[in-house]
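# Examining the three-dimensional arrangement
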Amino acid sequence: MMEFDCTICGKKHDVFTRITLPELNVLIGMNEQEFETRVQVFKDKFYFVNTKQVFFKADLKIQIKTLEQYIRFEVWVKINPIDFIKMAEKLDGIDSSINGVLAFNIPFYKDTKGTNLNIRFKLNEKSIKNPSIAGVESDNPLGVDFRDGISEKKVVEWMKILHHFPSENIFN
């Protein structure tokens, strides 16, 4: 576990290397009953909402430039259900990929909802692992950081916010 010396309080704090978003029903503003009525869940991972959209979690890794470590965001991705079905029909135990978009803004990056992504699925005989983001459109700060990595200084600034101002809206 990485730590940093905090300039706000003078203590050492952990660096969180995995940041997760709230569950889908919270993000799309559905109560439990509405969620059960409008959402079909496939393989405990893929959420078909009104049969018009497919949502699932994927791992977006951003490398810390000077280290062999990453900050991992567990993000919600949205894809077209027809594209998802076509991809699923082609699966035969190999890796596969599909294009989609970020379904919601992610912490520390403004206006990332709708950012184009390429999502990679690694499959094995027993399970479907969490998909990973293989590419991010590069004309925004998230895409640049995905491609180039981030500095330790940026990581420390993020961690100060998470440790000292957790109620701040880090999604904007």
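Let us look at the structure shown here. Computed from a predicted structure; not experimentally measured.

What counts as what
Residues take numbers from 1 onward in each chain, read along the sequence in its written order. The predicted nature of this model means local features are confined to residues of pLDDT at least 70 and side-chain atom pairs, given and counted, to a pLDDT of 80 or more, with totals for whole chains, interfaces and linings taken over all residues. No hydrogens and no water enter the side-chain calculation; it runs on all heavy atoms of the structure. Working definition: with a 1.4 Å probe on protein chains only, accessible area under 20% of the residue-type maximum means buried, over 50% means exposed, and in between means partly exposed. Under the scheme used here, helices are H or I runs from DSSP no shorter than 4 residues and strands are E runs no shorter than 2 residues, and both carry numbers assigned from the N terminus. Strand pairing follows a simple DSSP-based rule, namely that at least 2 bridges must link the two strands. Side-chain atoms within 4.5 Å link the members of a nonpolar core, which is a set of buried Ala, Val, Leu, Ile, Met, Phe, Trp, Tyr and Cys residues. Any two residues whose heavy atoms approach within 4.5 Å are treated as being in contact.

### Regarding the pairing of strand β5 (residues 46-49)
By the alternation rule, side chains of β5 split into F46 and F48 and Y47 and V49, which are all buried. Where strand β4 (residues 39-42) lies against β5, four bridges are found, and the strand directions are antiparallel. Bridging from a neighbouring strand, Q40 pairs with F48 of β5. As consecutive antiparallel partners, β4 and β5 are separated by three residues, and within that stretch K43 has a phi angle of approximately 55°, a positive value. Bridge analysis of β5 against strand β6 (residues 53-63) gives three bridges, and the strand direction is antiparallel. Counted as the bridge partner of Y47 is F55 from β6. If you look at the hairpin formed by β5 and β6, you'll find three residues sitting between the two strands, and N50 has a positive phi there, around 55°.

### Digging into the nonpolar core
Taken as a class, soluble globular proteins show a tendency for nonpolar side chains to be buried jointly. Membership of the largest hydrophobic core comes to 47 residues, with the highest contact counts inside it found for F56, I71, F73, V77, Y109, I119 and I133. Where this core is concerned, the elements lending two or more residues are β5, β6, β7 (70-79), α3 (81-90), β8 (96-102), β9 (116-121), β10 (132-136) and α5 (152-164). Apart from residues no more than four positions distant in its own chain, F56 is found in contact with K45, F46, V75, W76, V77, I79, I119, F121 and P131.

Bear in mind that shape data such as this cannot, by itself, settle questions of function.
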